[in-house]
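# Descriptive structure summary
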Amino acid sequence: MSVTTPSKLQKMIDSGNFAVTSEVGPPRSADGAVIEHKGNLIKDYVDAINVTDNQTSVCRVCSLACCIRLKLMGLEACLQMVTRDRNRIALQSDILGAASFGINNILCLTGDHQHFGDHPKCANVFDLDSIQLIQTVKMMRDEGKLLGGHEFAVRPQMYIGAAANPFAGPNVAMRVSRLAKKVAAGVQFIQTQCIYNMDTFKEFMKLMVDRGLHEKVAILAGITPMKNVGMAKYMQKRVPGIDVPDDIIRRIGGVPKEKQAEEGLTLAVEQIQELKEVEGVRGFHIMAIEWEEKVGEIVERGGLFPRPQLA
Amino acid sequence: MIKAVPKPLEEVLGQVKDFTKVLIVGCDGCVTVCEAGGMKEAKVLASALRLYFTQAGKQAQIDETSLTRQCEKEYLAQLSDKMDIYDAVVSLACGCGVQYMAEMYNNKIIYPGVDTCFLGVNEERGLYVERCQACGRCILAETGGICPIARCSKRMLNGPCGGSDAGKCEINKDIPCGWELIYERLKTLGQLDRFEKPVDPKDWSTSRDGGPRTIVREDLRI
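Residues numbered from 1 in each chain as written. Chains lettered and ligands numbered in written order. Predicted model: local features only at pLDDT ≥ 70, side-chain atom pairs only at ≥ 80, totals over all residues.

## Topic: the overall build of chain B
The cut-off we apply is this: Each helix corresponds to a stretch of at least 4 residues labelled H or I by DSSP, and each strand to a stretch of at least 2 residues labelled E; elements are numbered beginning at the N terminus. We compute the radius of gyration from the C-alpha atoms alone; for a globule the expected value is 2.2 Å times N to the 0.38, where N is the number of residues. Partly exposed residues are those whose C-beta has more than 12 but fewer than 20 other C-beta atoms within 10 Å; 20 or more makes a residue buried and 12 or fewer makes it exposed, with C-beta atoms placed from the backbone. Two residues form a contact once the distance between their C-beta atoms, set from the backbone, is within 7 Å.
A count of helical and extended segments in chain B gives seven helices and nine strands. Here the C-alpha radius of gyration of chain B, 22 Å, is well above what a compact globule of 222 residues would show, namely 17 Å. Here chain B, with 222 residues, has 36% of them falling under the buried criterion. Across chain B, the fraction of contacts at a sequence separation of at least 24, relative to all contacts at a separation of at least 6, is 57%.

## Observations regarding the nonpolar core
Threshold: Among buried residues, those of type Ala, Val, Leu, Ile, Met, Phe, Trp, Tyr and Cys that are joined through C-beta atoms within 7 Å form a set called a nonpolar core.
Counting 91 residues, the largest nonpolar core has A:C67, A:L79, A:I106, A:C108 and A:I190 as the members making the most contacts within it. Tallying contributions element by element places helix α6 (residues 172-185) of chain A first for this core, with six residues. Filtering out sequence-adjacent residues up to four positions away, A:C108 remains in contact with A:M81, A:S130, A:L133, A:I134, A:V137, A:I160, A:G161 and A:A162. Counting residues in each nonpolar core, the second largest holds 33 residues, with B:V25, B:C34, B:L67 and B:L76 among its members.

## A few points about the sheet that holds strand β3 (residues 61-67) of chain B
Residues and elements named next belong to chain B. Cut-off, in case you're wondering: Two strands qualify as a pair provided DSSP detects at least 2 bridges between them. Axes here mean lines fitted to C-alpha atoms, for a helix over just the part in contact, with angles spanning 0 to 180 degrees between N-to-C directions.
With respect to topology, four strands assemble into an open sheet ordered β3-β2-β4-β5, the strand pairing being parallel. Two strands in the sheet have a free side with no partner beyond their single neighbour: β3 and β5 (109-112). With direction set aside, neighbouring strand axes in the sheet form an average angle of 25°. Sheet analysis places strand β4 (residues 88-91) next to β5, joined by four bridges and oriented parallel.

## Some words on the sheet that holds strand β1 (residues 19-24) of chain A
All names here are of chain A. One closed barrel accounts for eight strands, arranged β1-β2-β3-β4-β5-β6-β7-β8; its pairing is parallel. Sheet twist, expressed as the mean angle between neighbouring strand axes with direction ignored, is 30°. Its contacts with the sheet put helix α1 (residues 8-15) on β1, β2 (48-51), β3 (77-82), β4 (105-109), β5 (159-164), β6 (189-194), β7 (218-223) and β8 (281-286), and the angle it makes with β1 is roughly 150°.

## Thoughts on the domain arrangement of chain B
The line we're drawing: Where each domain starts and ends follows an automatic or database-derived domain assignment.
Domain annotation for chain B reports domain 1 (2-118) and domain 2 (136-203). The C-alpha-based centres of domain 1 of chain B and domain 2 of chain B are spaced at 39 Å.

## Focus on the interface of chain A and chain B
Quite often, the size of an interface is put as the accessible area lost when its parts meet. Rules: The classification used treats Ala, Val, Leu, Ile, Met, Phe, Trp, Tyr, Cys and Pro as nonpolar, Asp, Glu, Lys and Arg as charged, and all other residues, Gly among them, as polar.
Facing 27 residues of chain A, the contacting portion of chain B comprises 23 residues. When contributions to the side of chain A that touches chain B are tallied by element, the ones reaching two or more residues are α5 (130-143) and α6 of chain A. Per element, the largest residue contribution to the side of chain A that touches chain B is six residues, and it comes from α6(A). For the side of chain A that touches chain B, the per-class residue count stands at twelve nonpolar, ten polar and five charged.

## Quick word on the packing of helix α2 (residues 33-42) of chain A against helix α3 (residues 63-72) of chain A
Residues and elements named next belong to chain A. Selection rule: Any angle that is under 35 degrees is reported as roughly parallel, and any over 145 degrees as roughly antiparallel; angles of 65 to 115 degrees are reported as roughly perpendicular and all others as oblique. Handedness of a helix crossing follows the sense of rotation of the near helix relative to the far helix, less than a right angle counterclockwise being left-handed and clockwise being right-handed.
Running from N to C, α2 and α3 point in directions that differ by 55°, and their axes come no closer than 10 Å. Viewed along their axes, α2 and α3 adopt a mutual orientation that is oblique. When you trace α2 past α3, the crossing you get is right-handed. Residues I35, E36 and G39 of α2 lie in contact with α3, whose contacting residues are C66, R69 and L70.

Shown next, in the form of structure tokens:
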């Protein structure tokens, strides 16, 4: 189904084992040690580490520099790239730069609108969107060609990923259609939005399976542990495209404050167990937001540890 | 049509308060329709400036007029007899009209009296909404007659993004998601097959990205 790249993440997915990825958010300063620290916290528990790209439109150390740092530490990095801040020249330039350091995973995103971030008055770019970025990486990798037509010999060996949000509406069928479009563009793996509404996610996966799309793209289910009921309520009310059912709020809020984090972790582990049984789920993407130290525990308790060592 | 809003009175006052002879020039085109810069608004602004000067105890001559269109030389030329009388002119036309007047009357100080906003429609009186970004290569045939460049906050050609929620845009719950509108319209038209076909990167050189644009219609030029 896929062009084979040197990506260790691809190797894990293709081996049939559940893959595990997680992500680290770069700091809002020039402190490179932060990424090193976060990378070390999770490295033994995951197959690849995403580095977010100015997430929620807040300016941070660039994803590319952090990915290079992880790579130099001997870790498998996944370069997240949004099309909000860079035109096709800059995007392709960064892809070539990442590949020149042996980075083999990319997550193609459009990105949050700058309205959310710390520079709401800035100009956005959106020269391409996520699907056109997928097409671009594929063309660079498979044809050795830039969008402008220039042909080159040393190609970026990228395993191409993207995001999918089954919960954004207006209905699950359209969200499957949109993912089908990403598949048509050349995406190979998907990291989903955080899953809290199991019914909707299962409906989404059923439609994927009915259309055979699960054989064309590897779905990594998005898991974000809730730290407390405040976070759960915030995500329910304030974060666009996230669907937190009331019973999750009741469950986290139903235990004493000092036990809510533990309850959140247990919920995440239960979600992993349940999702392992869903046809088409090929792994997990654990987004422990500023809670990287808990990734290991989630992976272990989720029965995903130790990570298989592939030759 | 072009949509504009009047600049705050304080801003206009800040520009003209040190002059004694000021002409306010409305435009009978687009800005009249959106009630930002026609003859009516020119009169209102002129009255407000007169009141300011009177209250400040200053002698000033504030006059108003309006032209059929400020984006055409023949109409702008109608001011040539009286331009010398005034120290400054406030043009209530869109940015095109203000600039064209400044080009024609090179030694005259011309101030804009409106903020030019977008190309839009009149949903209701006083409610104007953008519909077109004049990108220079219309794709409405492919998108069910709804423009993703004007109506998606990220001008995506392969939307919707994952931030749309209950049919609304992630940046504001009052803004419909342009791509959900497109999806629903394509469904109505029986053209949903278009939705799953990736759209290639756009050639933006016909948009603002290509620099100031010019149309040369040889068939119309004599």
